[in-house]
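Structure assessment
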Amino acid sequence: MTTKTLLLLPGDGIGVETMAEVERLISFFNSRKNGVRFETESDLVGGAAYDAHGVAVTDQCVAKAKAADAVIFGAVGGPKWAGVPYAARPEAGLLRLRKDLGLFANLRPAICYPALADASSLKRELVEGLDIMIVRELTGGVYFGEPKEIVTLENGEKRAVDTQLYTTHEIERIAKVAFDLARKRGNKVHSAEKHNVMRTGVLWKEVVTAVHKSYAPDVQLEHILADNCAMQLVRNPKQFDVIVTDNLFGDVLSDEAAMCTGSLGMLPSASLGAPDAKTGKRMSLYEPVHGSAPDIAGRGLANPIATVASFGMALRYSLDMAAEADIVDNAIAAVLASGLRTGDIMQPGMTQVGTGEMGKAIVDAVKKLVS
Ligand code: IPM
Ligand code: MG
């Protein structure tokens with residue numbers, strides 16, 4: 001029997017509640033007589049780690065994350081930690097994990113479940129069947145570029161600077177991820193940047209064009225200015241297949257694409273490193289696109305689907321369990337089709353349930369599908 005090791009990092013706020021539903025699903029998989037066994041370990045990250053250790057993630061936790069077959073992450077942050085030192089703020093834990101694990105490729109699918117097309121703020125015909133993959137560069141750009149500081153000038157005024165920085169290699173490797181994914185989907189890539197204003201945009205466009213020519217001439221490539229991309233996403237989202245973009249534009253565009261689908265509470269993401277030269281293993285972290293939602297945390301109201309679907313992505317991309325990943329996805333679709341809804345996706349005529357009931361319904365649907 002094969003064993004896979006998972007590090008669970010629930011973090012703060014609703015991350016704790018949604019991760020409990022992933023654990024429910026893992027327990028079910030582990031109760032099966034044959035198949036893969038999951039060995040899980042949990043640790044603190046974000047505000048929870050700060051409260052316990054004074055840092056947003058410990059060295060030991062980073063080491064465990066590197067050693068695991070996959071990391072499943074909940075969410076971090078909340079008003080409780082508004083006053084902590086900048087370097088120890090909850091988000092710093094997530095950013096350090098991304099950087100130290102080399103997770104340069106962030107895959108954010110925006111899929112509109114048929115049962116939810118009416119929950120979108122866009123018209124049904126615009127979003128029904130929507131299936132976009134945003135490929136966000138995750139370890140470079142303005143998130144990590146130096147200098148990054150606030151300095152006090154001689155006249156007492158302050159000056160803040162963040163640095164947007166990209167190298168050829170960073171752009172090449174993310175472009176290849178996007179082209180590889182497009183080949184398995186609609187064979188089309190939009191590369192979004194701002195070459196009309198930013199030198200990094202000029203280099204981005206040049207390098208993506210060169211990678212396309214040498215590596216993926218069979219894939220359709222279109223360059224699009226990031227602001228236009230934002231506009232097109234609400235005008236006609238179905239024109240997109242894969243969108244590849246930098247760290248900051250990817251942060252913004254992925255929230256926008258997520259909302260087109262009906263709810264931020266639905267969408268998972270995968271963050272992947274480069275394959276190890278010897279073993280081929282990629283470091284990986286899976287997390288919902290939504291945040292810690294402090295306003296509803298601890299009340300059993302959160303939608304666990306994005307976190308459960310993130311575990312589903314781990315099955316597919318890191319654990320070599322595509323059949324189980326399909327089962328998890330189909331179970332989610334079946335539960336939605338049966339009319340169960342958490343508050344964030346509630347619609348007239350549907351049955352509103354809490355986090356635990358939704359999680360249990362998904363596990364029950366998985367049970368039916370495996371037997
Ligand atoms: C995301 C989040 C993070 C980001 C925050 C929590 C640091 O918004 O994953 O999209 O900006 O990358
Ligand atoms: Mg974001």
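Here the residue numbering is sequential within each chain, running from 1 through the sequence in written order. Chain letters and ligand numbers both follow the written order, the letters beginning at A and the numbers at 1. A pLDDT threshold of at least 70 governs which residues receive local features in this predicted model, and a stricter bar of 80 or more applies before side-chain atom pairs are shown or counted, although totals over entire chains, interfaces and linings include all residues. Neither water nor hydrogens contribute to the side-chain values; these are computed over all heavy atoms in the structure.

**A word on the domain arrangement of the protein chain**
So the rule is basically this: Domain extents, as shown, originate in an automatic or database domain assignment. Once two parts are brought into contact, the accessible area they lose, counted with a 1.4 Å probe and summed over both, makes up the buried area. The working definition used for a salt bridge is a side-chain nitrogen of Lys or Arg within 4 Å of a carboxyl oxygen of Asp or Glu. Counted as a polar contact is a pair of N or O atoms within 3.5 Å, where, for protein atoms, one must be capable of donating a hydrogen and the other of accepting one, and residues adjacent in sequence contribute only when both atoms are in side chains. Going along the chain from the N terminus, every DSSP run of H or I of four or more residues is numbered as a helix, and every run of E of two or more is numbered as a strand. For this classification, Asp, Glu, Lys and Arg are treated as charged, while Ala, Val, Leu, Ile, Met, Phe, Trp, Tyr, Cys and Pro are nonpolar and the rest, including Gly, are polar.
The domain architecture assigned to the protein chain consists of domain 1 (1-104 + 273-371) and domain 2 (113-130 + 145-261). Of the roughly 960 Å² buried where domain 1 meets domain 2, counting both sides, 69% is carbon and sulfur surface. The largest contributions to the domain 1 side of the interface with domain 2 come from F104, L336 and Q347, which together make up 49% of the buried area. Linking domain 1 with domain 2 are 0 salt bridges. Run the count over domain 1 and domain 2 and you get 1 residue pair in polar contact (both at pLDDT 80 or more). The biggest single contributor to the side of domain 1 that touches domain 2 is helix α11 (residues 322-337), with 4 residues. Here the residues of the side of domain 1 that touches domain 2 are counted per class, giving 8 nonpolar, 1 polar and 1 charged.

**Focus: the nonpolar core**
Test applied: Throughout, nonpolar core names a set of buried Ala, Val, Leu, Ile, Met, Phe, Trp, Tyr and Cys residues whose side chains join them through atoms within 4.5 Å. Using a 1.4 Å probe on the protein chains alone, a residue whose accessible area is under 20% of its type maximum counts as buried, one over 50% counts as exposed, and one in between counts as partly exposed. Contacts between residues were defined by any pair of non-hydrogen atoms, one from each residue, lying within 4.5 Å.
In this structure, F38 and F311 are the most contacted members of the largest nonpolar core, which totals 89 residues. The dominant element in this core, judged by the number of residues it contributes, is helix α6 (residues 168-183), at 8 residues. When we break this core down by domain, the ones giving at least three residues each are domain 1 (1-104 + 273-371) and domain 2 (113-130 + 145-261). Not counting residues within four places of it along the chain, the set of residues in contact with F38 comprises K4, L6, I26, F29, N30, F311, L315, L319 and M321.

**Structural notes on the pattern of salt bridges**
Here the structure, examined in full by the defined rule, presents 21 salt bridges. In this structure, D251 engages R136 in a salt bridge whose closest nitrogen and oxygen atoms are separated by 3.8 Å. Residue D251 is located in helix α9 (residues 247-260), and its partner R136 is located in strand β5 (residues 131-137); the two are separated by 115 residues in the primary sequence. Since its relative accessible area comes to 28%, D251 is described here as partly exposed. For K360, the salt bridge is made with D364, and the minimal N-O distance between the two is 3.3 Å.

**Some points on the site of ligand 1**
As a reminder, the rule being used: Being near a molecule or strand, for a residue, comes down to having at least one heavy atom within 4 Å of it. Computed with the Shrake-Rupley method and a 1.4 Å probe, the accessible areas treat only the protein chains shown as cover for residues.
Around ligand 1, a shell composed of E91, R98, R108, R136, Y143 and D251 is seen. Between ligand 1 and D251, the relevant distance is 2.8 Å, taken from an oxygen atom to a side-chain nitrogen or oxygen of the residue. When ligand 1 sits alone it has 320 Å² of accessible area, and the protein chains cover 76% of it.

**So, the packing of α11 against helix α12 (residues 355-370)**
As a reminder, the rule being used: What counts as an axis is a line fitted to C-alpha atoms, over the stretch in contact for a helix, and the angles between N-to-C directions run from 0 to 180 degrees. Angle categories: roughly parallel below 35 degrees, roughly antiparallel above 145, roughly perpendicular from 65 to 115, and oblique for all the rest. Left-handed is the label given to a crossing in which the near helix is rotated counterclockwise from the far helix by less than a right angle, and right-handed is the label when the rotation is clockwise.
Two elements in contact, α11 and α12, have axes whose closest approach is 8 Å; the angle formed by their N-to-C orientations is 120°. Considering their axes alone, α11 and α12 lie oblique with respect to each other. The interaxial crossing formed by α11 with α12 has right-handed handedness. When α11 is examined against α12, the residues I327, V328, N330, A331, I332 and V335 are found in contact with a partner set consisting of M358, A361, I362, A365, V366, L369 and V370.

**With respect to unusual backbone geometry**
In this structure, P147 follows E146 across a cis peptide bond, with omega equal to 0°. Relative to the helices and strands, P147 resides in strand β6 (residues 145-152). Positive phi, close to 65°, is recorded for N187, a residue that is not glycine. Position of N187 relative to the elements: it lies in the loop between α6 and β8 (188-193). Its relative accessible area of 26% is what places N187 among the partly exposed residues.

**So, the pairing of strand β11 (residues 268-272)**
Along any regular strand the residues' side chains alternate between the sheet's two faces. Our working rule: One requirement defines pairing of two strands: DSSP has to find at least two bridges between them.
Burial within β11 is extensive, with 5 of its 5 residues counted as buried. Covered by surrounding structure in β11 are P268, A270 and L272 together with S269 and S271, the residues of both alternating faces. Where strand β4 (residues 105-111) meets β11, 3 bridges bridge the pair, whose relative direction is antiparallel. Following the sheet pairing, A105 is matched in β11 by L272.

**Brief notes about the layout of surface pockets**
So the rule is basically this: Grid spacing is 1 Å over the protein atoms alone, the probe is 1.4 Å, and a cavity is where that probe fits but cannot get out, while a pocket is an open set with protein on both sides within 12 Å along at least five of seven lines and lining residues have an atom within 4 Å of a point. Grid points are joined across faces, edges and corners, and a volume is the space filled by probe spheres set on the points.
What the largest pocket holds in volume is close to 450 Å³. Around the largest pocket, the lining is made up of 18 residues, and of these P109, I111, R316, Y317 and D329 lie nearest the centre. Only β4, β5, α10 (305-317) and α11 provide two or more residues apiece to the lining of the largest pocket. It is α10 that provides the largest number of residues to the lining of the largest pocket, a total of 5 residues. Of the residues that make up the lining of the largest pocket, three or more belong to each of domain 1 (1-104 + 273-371) and domain 2 (113-130 + 145-261).

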